[in-house]
Amino acid sequence: MKTLACLFFLISVQVFANDGSELWLKYDLIENETVRSNFSKSINQIVIDTQTERSTLAARELQTALKGLLGKEVPILFSKENKNLKKSIFLTDSYAGSELGSEGFKIENLKILAKTDLGLLYGTFAFIRHIQTSEKLYFSQIENPKVKIRMLNHWDNANGTVERGYAGSSIWKWFELPNQIDPRLIQYARANASIGINAVSVNNVNASSRFLTSEYLTKIKGVADFLRPYGIKVFISVNFRSPRTLGGLETSDPLDAGVRNWWKEKTDEIHKYIPDFGGFLVKANSEGEPGPQDYGRTHADGANMLAEAMKGRDGIVIWRAFVYKADPDGDRFKEAYEQFKPLDGQFDKKVIVQVKNGPIDFMPREPFHPMFGAFPKTPLAMEFQITQEYLGHASHLVYEAPMLKECLDSDTFSKGKGSTVSKVIDGSLDNQALSLMAGVANTGSDANFTGHPFGQANWYAFGRLAWDYDLSSEQIAKEWIQMTLTQNTQAVAQLTDFMMASHPTYVKYTYPLGLHHMMGEGHHYGPQPWLEKSGRPDWTSVYYHRAAADGLGFDRTGKLSNALKLYAPEVQENWGKPETCDLNYLMWFHHLPWDYKLSTGKTLWNELMSRYYEGVEDVKKMNDKWQTFKPIIDPEIFANVSGRLQIQEKEALWWRDACYLYFRDFSKMPLPAGLEMPNRTLEEVKKIEEIYHLR
Ligand code: GCW
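Note that this is a predicted model, so its numbers are computed, not measured.

Rules and cut-offs
Residues numbered from 1 in each chain as written. Predicted model: local features only at pLDDT ≥ 70, side-chain atom pairs only at ≥ 80, totals over all residues. Heavy atoms only, no water. Helix = DSSP H or I, 4+ residues; strand = E, 2+ residues; numbered from the N terminus. Expected span 1.5 Å × (residues − 1). Buried < 20%, exposed > 50% of the residue type's maximum accessible area, 1.4 Å probe, protein only. Contact = heavy atoms within 4.5 Å. Axes fitted to C-alpha atoms, helices over the stretch in contact; angles between N-to-C directions. Parallel < 35°, antiparallel > 145°, perpendicular 65-115°, else oblique. Left-handed = near helix turned anticlockwise from the far one by under 90°. Near = heavy atom within 4 Å. Polar contact = N/O pair within 3.5 Å; in protein donor to acceptor, adjacent residues only side chain to side chain. Areas by Shrake-Rupley, 256 points an atom, 1.4 Å probe, with all protein chains shown as cover. Nonpolar A, V, L, I, M, F, W, Y, C, P; charged D, E, K, R; others polar. Right-handed = clockwise from strand over helix to strand, strands pointing away. Pairing = 2+ DSSP bridges. Domains from an automatic or database assignment. Buried area = accessible area lost by both parts, 1.4 Å probe. Salt bridge = Lys/Arg side-chain N within 4 Å of Asp/Glu carboxyl O. 1 Å grid on protein atoms, 1.4 Å probe; cavity = no way out; pocket = protein on both sides within 12 Å on 5 of 7 lines; lining within 4 Å. Points joined across faces, edges and corners; volume = space filled by probe spheres on them. Core = buried A, V, L, I, M, F, W, Y, C linked by side-chain atoms within 4.5 Å. Lys, Arg positive; Asp, Glu negative; His and termini not counted.

(A) Quick look at helix H14 (residues 473-484). With 12 residues, H14 should cover 16 Å at 1.5 Å per step; its first-to-last C-alpha distance of 16 Å lies within 8% of that length. The buried fraction of H14 is high, at 9 of 12 residues. Turning to H14, its buried residues number three or more, namely Ser-473, Ile-476, Ala-477, Glu-479, Trp-480, Ile-481, Gln-482, Met-483 and Thr-484. Residues of H14 that are buried make contact with helix H4 (117-133), helix H11 (401-408), helix H13 (455-467) and helix H15 (489-500).

Printed below as a string of structure tokens:
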């Protein structure tokens, strides 16, 4: 009897608990009966006139979705006739209309039309998303992706660890490939296809040459073969020193004939494994990685050598611009711009230069990178970081879409008003043939792929924005909530607000008013504004916040650094004066006295402290709000998020106390009235971070 009861308990837990592994592709029964029965009555079959592997995948996906959403088994009919389409969803990949590109689709009521089976797959997912999130069955829509390559960059190592990954180990399971393909990759591939991601680089940009050995190429081939039907091309991050480490050459000089030949042969070899190889992603002469400068050559020399090796093939070379040197008198903000600017126009047409969204390094808020808009002769790709290296890892809830949008919508003014970063990225501003948006992946071996259940929303949002950067953050959040968490209309609206408030909240308790780079050394978690010694000056915190008796902030308007001059005059005008500079960017560009009066009417010190304290209060409110969703959220997800919110609350307080106690020694000003004094000393707070370095 006891065993029976136990079994029953296990079964019921199984039925109700959701470990998040189905991501946003859960296809739960549509709860609104009227809507469900209307949909159901109008759909009796799926008719498809094409039978490629990919289009069959699309039809099956639709069938699975309908089964879940409508509770109805809908048969698939393969037919070239297309005659009696009554109550049928019709799928074709031979639509001829000129409004569609090769990945585009058109939905006309129950018809999903595309020119290719990939367009059809995307159209099918869009159709499914529509019936998951709308009460109307009939609708029309034409879509073409705005950016050509929509890519995840995995920072996965050969030993299975993931650099800056907070959701377990590598999803690739290198040791088992190619003989065993983890079945979870199906979920990963479907999820990517559902949001239009069409490329992945499989390994860390701090690349091991091992990925170019035949042993690893066989494994990568396994991944590529598996992902191909989902329209996902595979790229490899390469180590610039590979001709030496693997080829036994004496040099990796990009102008050396032997080296060039080695890359050519290696590229040919890769294509034997992966005929549709996407190309190379390269981090060179950055943070100790090898590169062309080791031989007195330029980034263009290095990139062009790889482009030459790729000649006659479809693949491309993605060359990262994340470079900076250890110069105590320099400003890291300017270094990528300065190193690359003279090379504008020198890159082969197969090369695209990948630039991080901001000039430093994925800070919770950065002004857009000054390279955007300033390289008319070079296609520039966007690199966002989905994984939350500086956003509280997998413990803090931060919905990133508003942060991504802030960058994409920024106006570079390089060709007059409206020269937004998104227009640089999609290639339209300077008429570039290549366009690419990359996101450093937050996926790992955790059951729900992203650790924090809301991390899934960031993966989802990245894909949606890479497809169409004009979508609003609210809309993306709403879709994701409806597909993942609940169909309850009121809860959807409240959860949307809840997510929308999360990034501003995080910024308030960590980096208000444009402060940046004050996180714990190495692990990049928690506050360490007192960090003044590190491997290099620009890895410290004091380099960035410049707290002193006379004030706070990094003056980039000319006195300390003239970095602001890298932007168009209109941008300089916007950010150049402390009276008018957006408060969110204030400390990025200005060093101001503690008692400087801000547009809010408060002094800098009081505003700073108010924001830290408000941030903590906001997390408490978030926590309280989350508790109200208990009745409608799956218990496992509810408990998972609740636990993480408790950590977030504790750590928001850690940031607040650390920053107040540290900065007050410089400001010598009291806490504004009504704010409660921390109940610990600076020394005590410092100890929290020290634990991270214990061995
Ligand atoms: O932000 C830094 C990270 C490194 C990363 C580097 C980069 C892959 O701390 O872990 O290395 O950026 O983007 O190359």
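(B) Structural detail: the packing of helix H16 (residues 502-510) against helix H20 (residues 604-628). Following both chains from N to C, one finds H16 and H20 inclined at 140°, their axes separated by 7 Å at the closest point. Between H16 and H20, the interaxial angle falls into the category oblique. By crossing handedness, the relation of H16 to H20 is classed as left-handed. The residues of H20 that touch H16, namely those facing Ser-502, Thr-505, Lys-508, Tyr-509 and Thr-510, are Arg-611, Tyr-612, Glu-614, Gly-615, Val-616, Asp-618, Val-619 and Met-622.

(C) View of unusual backbone geometry. Residue Pro-178 follows Leu-177 across a cis peptide bond; omega there is 0°. Of note, the phi angle at Phe-413 is positive, near 60°, even though the residue is not glycine. By the element assignment, Phe-413 lies in the loop between H11 and helix H12 (421-425). Phe-413 gets classed as buried once you look at its relative accessible area, which sits at 16%.

(D) How the structure looks around the site of the ligand. Around the ligand, a shell composed of 15 residues is seen, among which Glu-163, Lys-283, Arg-320, Asp-361 and Glu-389 lie nearest. Between the ligand and Arg-320, the relevant distance is 2.6 Å, taken from an oxygen atom to a side-chain nitrogen or oxygen of the residue. The side chain of Glu-389 places a nitrogen or oxygen atom 2.5 Å from an oxygen atom of the ligand. Burial of the ligand by the surrounding chains reaches 97%, relative to a free accessible area of 340 Å². The residue inventory of the shell around the ligand, partitioned by class, reads 4 nonpolar, 3 polar and 8 charged.

(E) Summary view of the pairing of strand S9 (residues 233-238). S9 sits mainly inside the fold: 5 of its 6 residues count as buried. In this fold, the crossover linking strand S8 (residues 199-201) to S9 by way of helix H6 (residues 214-227) has right-handed handedness. Alignment of S9 against strand S10 (residues 279-282), held across 4 bridges, turns out to be parallel. Considered in S10, the bridge of Ser-237 is made with Leu-281.

(F) Up close: the domain arrangement of the protein. For the protein, the assigned domains read domain 1 (2-143), domain 2 (149-469) and domain 3 (506-553 + 592-693). The gap between the C-alpha centroids of domain 1 and domain 2 is 32 Å. Together, the buried faces of domain 1 and domain 2 total about 1,900 Å²; carbon and sulfur atoms form 57% of this surface. It is Leu-23, Trp-24 and Tyr-122 that lose the most area in domain 1 upon contact with domain 2, and together they represent 34% of the buried surface on that side. The interface formed by domain 1 and domain 2 contains 2 salt bridges. Put simply, Arg-190 and Glu-61 hold a salt bridge, and the shortest N to O gap is 2.8 Å. At the surface where domain 1 touches domain 2, the tally comes to 10 residue pairs in polar contact (both at pLDDT 80 or more).

(G) Representation of empty space enclosed by the protein within the structure. Scanning the model with the defined rule gives 9 cavities of 30 Å³ or more in all. In this structure, the largest cavity occupies an estimated 90 Å³ of space. What lines the largest cavity is Ala-321, Phe-322, Val-323, Tyr-324, Arg-332, Phe-333, Ala-336, Lys-356, Gly-358, Pro-359, Ile-360 and His-369. In terms of residues, the lining of the largest cavity owes the most to one element, helix H10 (residues 332-340), which gives 3 residues.

(H) Broad picture of the nonpolar core. Trp-172 and Phe-663 are the most contacted members of the largest nonpolar core, which has 222 residues in total. Ignoring any residue separated from it by four or fewer positions in sequence, one finds Phe-663 in contact with Leu-515, Met-518, Pro-529, His-545, Ala-547, Leu-552, Trp-594, Trp-605, Leu-608 and Tyr-612.

(I) Region of the structure containing the side chain of Arg-129. Within the secondary structure, Arg-129 sits in helix H4. Notably, Arg-129 is buried but unbridged: the nearest opposite-charge side chain belongs to Glu-479, and the N-O separation is 4.2 Å. Leave out the neighbours within four places in its chain, and Arg-129 touches Ser-194, Tyr-460, Arg-464, Glu-479 and Met-483.

(J) Layout of the sheet that holds strand S6 (residues 140-143). Strand order in the open sheet formed by 6 strands is S2-S1-S3-S5-S4-S6, with mixed pairing between adjacent strands. Every other strand in the sheet has two partners, leaving strand S2 (76-78) and S6 as the edge strands with one partner each. Each strand axis lies, on average, 15° off the axis of its neighbour in the sheet, ignoring direction. As paired strands, strand S4 (residues 105-108) and S6 are joined by 4 bridges and run antiparallel to one another. Looking at S6, one finds that Lys-106 is bridged to Ile-142.

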